Amino acid sequence: MRGIFFEEDDARAAALVLQRGGFTAEVVRERLAGEDDDEDHPWAVVTDAPEIQLEMLVETYDGWLDAEDESPGPIGGPTGSMLPLPDAPKRIKRPD
């Protein structure tokens, strides 16, 4: 589970709260597609804390949740699964 924050101080404060609660929490720089400037990248807190606890922290610090297992994969389906493909071309018109 990851919490995304715009400010480094907010991410570090959220990580500290989680660590004091006995959870692991790591602050990393999150790279979003289309962001070229390193200063514009948000900060992510990667943790094993329960979702509800991280959700309360992202609400407090104006961030958002990013559930890693629900993110779409490179083909558009959930990570690790392939979308079903047809076996043959689909005929749209009837043969004459």
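Scroll up to find the structure this text is about.
All values derive from a computational prediction rather than experimental measurement.

Buried residues dominate strand 3 (residues 43-47), accounting for four of its five residues. Pairing analysis gives four bridges linking strand 1 (residues 2-5) to strand 3, with the strands arranged antiparallel. Bridge pairing links I4 to A44 in strand 3. With five bridges joining them, strand 2 (residues 25-29) and strand 3 adopt antiparallel strand pairing. Looking at strand 3, one finds that V27 is bridged to V45.

Rules of the game
- Residues numbered from 1 in each chain as written.
- Predicted model: local features only at pLDDT ≥ 70, side-chain atom pairs only at ≥ 80, totals over all residues.
- Heavy atoms only, no water.
- Buried < 20%, exposed > 50% of the residue type's maximum accessible area, 1.4 Å probe, protein only.
- Helix = DSSP H or I, 4+ residues; strand = E, 2+ residues; numbered from the N terminus.
- Pairing = 2+ DSSP bridges.

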